[in-house]
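Below are the chains, spelled out letter by letter.
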Amino acid sequence: MTKSSLDVAFVRRQFPQLADGTAFFENAGGSLVPEAVKQRLLDFVERSFAQPSYDSEPSLISRRRMADGKRLAADLLGVEPQEIVLGPSTTLNFYVLAQALRPLFQPGDEIVVTNQDHEANVGAWRRLEEFGLVIREWQIDKKSGELRLADLDTLLSPKTKLVCVTHCSNVVGSVNDVAAVAARAKKVGALTVVDGVGYAPHHLIDARGLGVDAYACSAYKIFGTHLGILWVKPELAARAKPQNHYFIDSAPATLNPGGLTYELVAGLGGTGDYLDLLYRHHFGSGENSARARYARVFKLIEGHEARLGKRIVDFLKSRKSVRLIGEDGARAPIVCFAVAGKTSAEVAKALFAKRVAVGHGHFYAKRCVDALGLEGVIRISFAHYNDDAEVDRLIEALKEILPA
Ligand SMILES: Cc1ncc(COP(=O)(O)O)c(C=O)c1O
């Protein structure tokens, strides 16, 4: 009964919103939600909308449901639930982390940020300049948008205390070798903080195995609820300055001053139900550990997305008016381009008219788009529930808009 490729028709039946007929290619902005997540949310609201810290029946159910959500978040990153912060967003998680790490640095210490990252992993660190920290910018190649490790090497020194980098830019789409970045940072005694928001919806992460010190992603882009997931290495979390109430003194609660949004944490358990449903459908039973099941599901997802991505990239390369961002190489399902003589908004509008939804603009990676010398880019970002028929529709629509 084992299937060697993703049964996309089965996948699509799990996402009620797909029934509206729009070919949805703006998943990097936020993914669709499977039925299983909706069920967990409803179940929580109907049966256990209670403080999870007491012993009443609703409270116990609430606690169990929230533990399922936290477990799923931890399993996505290959870490333990007690090492995870679930905050409102990655932007806020990084902001809090920056405040918490600040006392570990001295005036004159250096932080490397990129101009490829989403502002979430830039602005929070740049704010530390006012405390005497020195910000060094690792800049992209202005033509391709790629970050080069050789350029990072010129910035690193014993003064470097932190390197902040994206695993996959939400504009350039190519996958950065964050393990190599972390190894270089470690050599000079610096920490590494990684933004995995663009990468995590497409691959199972091994945060500890990458050798990084903190890794963040956003659950609402991984078929989950609107939460940011942050893993901080326990040794570092313990040294970070608590940001919560003075009497909350154990990490990682110290890194979550706002507390948890109960129903969203509980709803996240539905993402685990969904991945398990895919596992059973494709492989039957067998694997006891959730990580092992998810690993096999993500392998199917990777194969499917790589195939769709190649179709889209090959088509865009065939159009003379197109400037494709990023080079050939490992690419997440994020394909951005600009069109000579047209604004990104114009192209996107023409696609919307054909019920093909894409993104346009800078997607809060403004430094990146500015460095590329563009007013904006058109972004085709897809997920495993996109199918060949939708890619056909996208390509047909693009053929009408883009000169050959
Ligand atoms: C690559 C990347 N990093 C960070 C963020 C910020 O995530 P959040 O919306 O959870 O703050 C986004 C959001 O689009 C993103 O695409």
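Residues numbered from 1 in each chain as written. Predicted model: local features only at pLDDT ≥ 70, side-chain atom pairs only at ≥ 80, totals over all residues. Heavy atoms only, no water.

### A look at the packing of aromatic side chains
No. 1: Under the criterion given, the structure shown has 8 aromatic pairs.
No. 2: We note Arg-379 situated over the ring of Phe-363; from NZ or CZ to the ring centre the distance is 3.7 Å. (Phe/Tyr/Trp six-rings, centres within 6.5 Å; stacked < 30°, edge-to-face > 60°. Lys NZ or Arg CZ within 6 Å of the ring centre and 35° of its normal.)

### Let's talk about the domain arrangement of the chain
No. 1: By the assigned domains, the chain splits into domain 1 (8-33 + 293-401) and domain 2 (57-268).
No. 2: For domain 1 versus domain 2, the distance between C-alpha centres works out to 25 Å.
No. 3: Run the count over domain 1 and domain 2 and you get 2 salt bridges.
No. 4: Close ionic contact of Arg-148 with Glu-327 constitutes a salt bridge, the shortest N to O distance being 3.1 Å.
No. 5: Taken together, the links from domain 1 to domain 2 amount to 20 residue pairs in polar contact (both at pLDDT 80 or more).
No. 6: Looking at the side of domain 1 that touches domain 2, the elements that each hand over two or more residues are helix 10 (290-317), strand 10 (334-339), helix 12 (366-371) and strand 13 (377-381).
No. 7: The dominant element in the side of domain 1 that touches domain 2, judged by the number of residues it contributes, is helix 10, at 6 residues. (Domains from an automatic or database assignment. Salt bridge = Lys/Arg side-chain N within 4 Å of Asp/Glu carboxyl O. Polar contact = N/O pair within 3.5 Å; in protein donor to acceptor, adjacent residues only side chain to side chain. Helix = DSSP H or I, 4+ residues; strand = E, 2+ residues; numbered from the N terminus.)

### Considerations on the sheet that holds strand 13
No. 1: The strand order 9-10-13-12 describes an open sheet built from 4 strands, whose pairing is antiparallel. Every interior strand has two partners, whereas the edge strands, strand 9 (322-324) and strand 12 (359-361), have only one. Between one strand and the next, the sheet's axes are offset by a mean angle of 30 degrees, whatever the strand orientation.
No. 2: Sheet topology places strand 12 next to strand 13; 3 bridges connect them, and they run antiparallel. The residue bridging Gly-359 from the neighbouring strand is Arg-379, located in strand 13.
No. 3: Helix 11 (residues 344-352) rests against strand 10, strand 12 and strand 13 of the sheet, and its axis sits at about 165 degrees to strand 12. (Pairing = 2+ DSSP bridges. Axes fitted to C-alpha atoms, helices over the stretch in contact; angles between N-to-C directions. Contact = heavy atoms within 4.5 Å.)

### Looking at the environment of Arg-319
No. 1: Tracing the backbone through its elements, the reader meets Arg-319 in the loop between helix 10 and strand 9.
No. 2: For the pair Arg-319 and Ile-229, spaced 90 residues apart in the sequence, the C-alpha separation amounts to 39 Å.
No. 3: Look past the residues within four positions of Arg-319 in its chain and what remains in contact with it is Lys-399, Leu-402, Pro-403 and Ala-404.

### Topic: the site of the ligand
No. 1: Looking at the ligand, the residues that line it are Ser-89, Thr-90, Thr-91, His-118, Ala-120, Asn-170, Asp-195, Val-197, Ser-218, Tyr-220 and Lys-221.
No. 2: Tyr-220 has a polar side-chain atom sitting 2.5 Å from an oxygen atom of the ligand.
No. 3: Notes on the ligand: free accessible area 390 Å², of which the protein chains cover 90%.
No. 4: Of the residues contributing to the shell around the ligand, the split by class is 3 nonpolar, 6 polar and 2 charged. (Near = heavy atom within 4 Å. Areas by Shrake-Rupley, 256 points an atom, 1.4 Å probe, with all protein chains shown as cover. Nonpolar A, V, L, I, M, F, W, Y, C, P; charged D, E, K, R; others polar.)

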